[in-house]
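Tertiary structure, described
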Amino acid sequence: MSISAPKMTIKRHLPWPVMALLWALVIAVGASAAVWTYKLGRNHLPGLEVSGDAGEQMDQLSEQVRKLTTENERLQSASSASQNELKIAQTAQAQLASQVKNLEAENNRQKEDLAFFDSLLPTNLGAPGITIQRFKAEQAAPDQLRYRVLVMQGGGGTQQFAGNLQLSVNIIQGGKSAILNFPEGNAADQARYRLAFKYYQRVEGLLNIPEGATIKSVAVRVLDRGQVRAQQSVDL
């Protein structure tokens, strides 16, 4: 031992039961302070105040979400059903419109037939011979012409008539006039225009017109061995 040796401090150690009691007291005081601080903040700080039981509120919110989900599914189902009904109605409307159009066309045909059969009554038989009772022509497309011809034999129609139908279309194309004759030269095309009847015969079809041509008039003739027996024309 010398004078330069470090100083010594003598401490008195407490018994361990006393130390444990002190630590327990410190922990209890800290817990009490924490609980008191939480309650004080919940009751006085804005946004932290909670009314009622939190678990009950969670149950209420869950029930509300469930109800809203059920209502959303019901509305989606109703919307899908409405869309299907709308599609069915639109399809039915289109079908009805097509049927109306077909019925109107058939009605016009029936009117023409009725007028024709009225002309066959004994008071309207007229002199024997071939006449064109009805002739209609209209442009069905930019390059197509639709025609309908009703040919009749007057005087009771005692003999079978055999002949041909010929159509001439007067057009303007490129500033120049031209005449298109139908049927054309091939045999298959000529067969479409043959006539063979005792009382009447109706002929209808489509004629191909050069694209860009303007149709001025259409003429139809009934030929018997190259001789014209009847003719008629219409302007378009």
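Now for a look at the structure at hand. Sequence order as written defines residue numbering, which begins from 1 separately in each chain. Only residues with pLDDT of at least 70 are given local features in this predicted model, and only at 80 or more are side-chain atom pairs given and counted; all residues enter the totals for whole chains, interfaces and linings. Processing note: side-chain calculations cover all non-hydrogen atoms of the structure and skip hydrogens and water entirely.

Considerations on the sheet that holds strand S2 (residues 144-154)
Going by this rule: In this description, strands pair whenever DSSP reports at least two bridges between them. Secondary structure follows DSSP: runs of H or I at least 4 residues long count as helices, runs of E at least 2 residues long count as strands, and numbering of each begins at the N terminus. Only C-alpha atoms enter the line fits that serve as axes; for helices the fit covers just the stretch in contact. Angles between N-to-C directions range over 0 to 180 degrees.
The three strands are arranged S1-S2-S6 in an open sheet whose pairing can be described as antiparallel. Since the sheet does not close on itself, it has two edges, and those belong to strand S1 (129-141) and strand S6 (200-208), each with one partner. Mean inter-strand twist for the sheet, computed between neighbouring axes without regard to direction, equals 15°. With eleven bridges connecting them, S1 and S2 associate as antiparallel partners. The residue bridging Phe-135 from the neighbouring strand is Val-149, located in S2.

Section: the side chain of Gln-153
As a reminder of what qualifies: Whether a residue is buried, partly exposed or exposed follows from its accessible area with a 1.4 Å probe, protein chains only, as a fraction of its type maximum: under 20%, in between, or over 50%, in that order. Throughout this description, a polar contact denotes any pair of N or O atoms lying within 3.5 Å of each other; where both atoms belong to protein, one of them has to be capable of donating a hydrogen while the other can accept it, and for residues adjacent in sequence the pair is counted only when both atoms sit in side chains. For this analysis, residues touch if any pair of their heavy atoms sits within 4.5 Å.
In this fold, Gln-153 is placed in strand S2. A relative accessible area of 14% means that Gln-153 is categorised as buried. A polar contact of 2.9 Å, which involves the side chain of Gln-153, links it to the backbone oxygen of Gln-159. Here Gln-153 is in contact with Gly-129, Ile-130, Gln-159, Phe-161, Phe-197, Lys-198 and Tyr-199, once residues within four sequence places are set aside.

Quick look at the nonpolar core
Side chains that are nonpolar tend, in soluble globular proteins, to be buried together. Quick reminder of the rule: By nonpolar core is meant a set of buried Ala, Val, Leu, Ile, Met, Phe, Trp, Tyr and Cys residues that side-chain atoms within 4.5 Å join together.
In this structure, Phe-135, Leu-165, Leu-167, Val-169, Val-218 and Val-222 are the most contacted members of the largest nonpolar core, which totals 27 residues. Put simply, the parts of the chain that give this core at least two residues each are S1, S2, strand S3 (161-173), strand S5 (194-197), S6, strand S7 (214-224) and strand S8 (227-235). Considering each element in turn, this core owes the most residues, five residues, to S3. Ignoring anything within four residues of it in the chain, the contact list for Val-218 reads Phe-135, Ala-137, Leu-145, Leu-167, Ser-168, Val-169, Gln-232, Ser-233, Val-234 and Leu-236.

Some remarks on the pairing of S6
Taking every second residue as pointing to the same face, the buried face of S6 carries Gln-201, Val-203, Gly-205 and Leu-207, while none of Tyr-200, Arg-202, Glu-204, Leu-206 and Asn-208 on the other face is buried. In this structure, S2 lies alongside S6, joined through nine bridges in antiparallel fashion. Across the sheet, residue Leu-150 finds its bridge partner in S6, namely Arg-202.

Here we look at the pairing of S7
On any regular strand, side chains alternate: one points to one face of the sheet, the next to the other face. For S7, the tally of buried residues reaches nine of eleven residues, placing the bulk of the element in the interior. Pairing of S3 with S7, which is carried by nine bridges, proceeds in the antiparallel orientation. Among the inter-strand pairings, Ser-168 is bridged to a residue of S7, identified as Ala-219. Bridging between S7 and S8 involves eight bridges; their strand directions are antiparallel.

Observations regarding the pattern of salt bridges
For clarity, the cut-off: Salt bridge criterion: a side-chain nitrogen from Lys or Arg within 4 Å of a carboxyl oxygen from Asp or Glu.
Taken as a whole, this structure holds five salt bridges when the rule is applied. Linking Glu-63 and Arg-66 is a salt bridge whose minimum nitrogen-to-oxygen distance equals 2.5 Å. In this pair, Glu-63 and Arg-66 are both assigned in helix H2 (residues 54-119), three residues apart and thus about one turn of the helix distant. Look at Glu-63 and you get partly exposed, because its relative accessible area is 33%. Ionic pairing is found between Arg-74 and Glu-71, a salt bridge with its closest N-O pair at 2.6 Å. With Arg-74 and Glu-71 both in helix H2 and three residues apart, the pair spans about one turn of that helix. For Arg-74, a relative accessible area of 48% translates into the label partly exposed. Residue classification places Glu-71 among the partly exposed residues on the basis of a relative accessible area of 34%. Bridged by salt links that share partners, the residues Asp-224, Arg-225 and Arg-229 form one connected network.

Function cannot be read off these values alone, since they describe shape.
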